[in-house]
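Architecture at a glance
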Amino acid sequence: MDKQKIVVFSGAGMSAESGIMTFREMGGLWEQYDVTEVASPIAWENSPQLVMDFYNQRRKQLFECEPNEGHLLIAKLEDKYDVEIVTQNVDDLHERAGSSKILHLHGELKKARSTADESLVYEMDHWELKLGDVCEKGSQLRPHIVWFGEAVPAMDDAIELVRQADIVLVVGTSLSVYPAAGLLSYIENNIPIYVIDPGSPAFTPKENITFIAEKASVGMEQLTQKLF
Ligand code: OAD
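Scope of this entry: the structure provided in the associated data block. Since the model is a prediction, treat every value here as computed from it, not as a measurement.

What counts, and where the lines are drawn
Residues numbered from 1 in each chain as written. Predicted model: local features only at pLDDT ≥ 70, side-chain atom pairs only at ≥ 80, totals over all residues. Heavy atoms only, no water. Helix = DSSP H or I, 4+ residues; strand = E, 2+ residues; numbered from the N terminus. Buried < 20%, exposed > 50% of the residue type's maximum accessible area, 1.4 Å probe, protein only. Near = heavy atom within 4 Å. Polar contact = N/O pair within 3.5 Å; in protein donor to acceptor, adjacent residues only side chain to side chain. Areas by Shrake-Rupley, 256 points an atom, 1.4 Å probe, with all protein chains shown as cover. Nonpolar A, V, L, I, M, F, W, Y, C, P; charged D, E, K, R; others polar. Domains from an automatic or database assignment. Salt bridge = Lys/Arg side-chain N within 4 Å of Asp/Glu carboxyl O. Core = buried A, V, L, I, M, F, W, Y, C linked by side-chain atoms within 4.5 Å. Contact = heavy atoms within 4.5 Å. Axes fitted to C-alpha atoms, helices over the stretch in contact; angles between N-to-C directions. Parallel < 35°, antiparallel > 145°, perpendicular 65-115°, else oblique. Left-handed = near helix turned anticlockwise from the far one by under 90°. Pairing = 2+ DSSP bridges.

Following Tyr178, the chain continues to Pro179 via a peptide bond in cis, the omega torsion being 10°. Among the secondary structure elements, Pro179 is positioned in the loop between β7 (167–171) and β8 (193–196). At Leu175, a residue that is not glycine, the phi angle is positive and equals roughly 60°. Residue position: Leu175 is located in the loop between β7 and β8. Its relative accessible area of 5% is what places Leu175 among the buried residues. Within the chain, Asn208 stands out as a residue other than glycine whose phi angle is a positive 70°. With respect to the element layout, Asn208 can be found in the loop between β8 and β9 (209–212).

Next up on the list: the site of the ligand. Inspection of the region around the ligand gives 23 residues, with Phe23, Arg24, Thr173, Ser174 and Asp197 positioned closest. Within the side chain of His106, an N or O atom sits 2.8 Å from an oxygen atom of the ligand. Residue Ser174 places a side-chain N or O atom 2.5 Å away from an oxygen atom belonging to the ligand. For the ligand, whose unbound accessible area comes to 800 Å², protein coverage reaches 93%. Within the shell around the ligand, the residues separate by chemical class into nine nonpolar, nine polar and five charged. Each of two domains, domain 1 (1–18 + 67–106 + 152–228) and domain 2 (21–64 + 107–145), supplies a minimum of three residues to the shell around the ligand.

This part takes up the pattern of salt bridges. A complete count under the given rule lists 10 salt bridges for this structure. We note a salt bridge from Glu84 to Lys5, for which the minimum N-O separation is 3.4 Å. Of this pair, Glu84 sits in strand β2 (residues 82–87) while Lys5 sits in strand β1 (residues 5–10), placing them 79 residues apart in sequence. The same class applies to Glu84 as to Lys5, namely buried. Across the pair Asp92 and Arg96 runs a salt bridge, and its minimum N-O distance is 3.1 Å. Residue classification places Arg96 among the partly exposed residues on the basis of a relative accessible area of 34%. Within the structure, one salt-bridge network assembled from shared partners comprises Lys5, Asp82, Glu84 and Lys101.

Time to look at the nonpolar core. Phe9, Val86, Leu105, Val170, Leu183, Ile193 and Phe203 are the most contacted members of the largest nonpolar core, which has 27 residues in total. Residues in contact with Phe9, not counting those within four places in the same chain, are Val86, Gln88, Leu105, Leu169, Val170, Val171, Thr173, Leu175, Ala180, Ala181, Leu183 and Leu184. Formed by 23 residues, the second largest nonpolar core is a distinct cluster that contains Ile20, Tyr55, Leu62 and Leu120.

With that settled, the discussion passes to the packing of helix α5 (residues 69–76) against helix α8 (residues 216–227). Remark: α5 packs on α8, axes separated minimally by 7 Å, with the N-to-C direction vectors making an angle of 30°. Comparing their axes, α8 and α5 come out roughly parallel. Read as a crossing pair, α5 and α8 show a hand that is left-handed. Residues Glu69, Gly70, Leu73 and Ile74 of α5 form the contact with α8, whose own contacting residues are Ala216, Ser217, Met220, Glu221 and Thr224. In the contact of α5 with α8, the residues fall into four nonpolar, three polar and two charged.

This part takes up the sheet that holds strand β3 (residues 102–104). The strand order across the open sheet built from six strands is β3-β2-β1-β7-β8-β9, with neighbouring strands paired in parallel fashion. Every interior strand has two partners, whereas the edge strands, β3 and β9, have only one. Here the strands of the sheet are splayed against their neighbours by 15° on average, with no regard to which way each runs. Pairing geometry for β1 and β7, over five bridges, is parallel.

Along the chain, Thr210 turns up in strand β9. Using a relative accessible area of 29% as the deciding quantity, one classes Thr210 as partly exposed. Separated by 46 residues in sequence, Thr210 and Gln164 place their C-alpha atoms 19 Å apart. Beyond its immediate stretch of four places on either side in the chain, Thr210 contacts Ile193, Tyr194, Val195 and Lys226.

What follows is the structure in structure tokens.
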């Protein structure tokens, strides 16, 4: 028998217990930085060094973080389910926890890409990207991140996955950034949806939702007992 498909939609709260800051909570990243000054094409044009510094700091921190129990339990779901992860996170903690199918909607912090040819993407094994670092065609490299105001190329694939889901699991996202948050409107009727988040994500009411108001590790422990 085919395995049931679980689509996991994760956000910053998924990695909070690994020590990575969320964006919109008190003390979150967007309280410390102005989004348009560090995460937009205009920022890159006007102050590339500031943008580099911002992502270098995030990347440096990521090299020091480990997946948490929540990531590990999601990877474990593959023992019984066909698990597809659609994440807004730019960290690689789902990968390092052992999950095998991960779609990054907003890019990947440990990759750099050419500003001249977006198909030229490079893995980074160190934290620092510098002005002057260039691709094989000689053009400046930029963080492989989807900035505000840019298209989200993985969106169509993500919609297709969500449409095929037998179970949907939403972990640690405020659901306030579009188009990503709009993904949930593609869930077929009557599909069970589990939402793990200690806060109050902006969920449009749908049938068959179970809210688990816990942090990712505790919520995943509870859900694992239910799903196995
Ligand atoms: P937010 O910071 O908007 O939301 C984080 C969510 O995680 C909130 O709903 C919190 O209640 C929840 N949370 C906090 N700690 C948690 C824990 N230990 N376990 C589970 N949940 C927890 O982050 P996102 O929704 O991911 O985009 O933000 C979406 C996008 O906005 C990001 O991908 C990023 C940001 O700007 C870009 O930078 C392009």
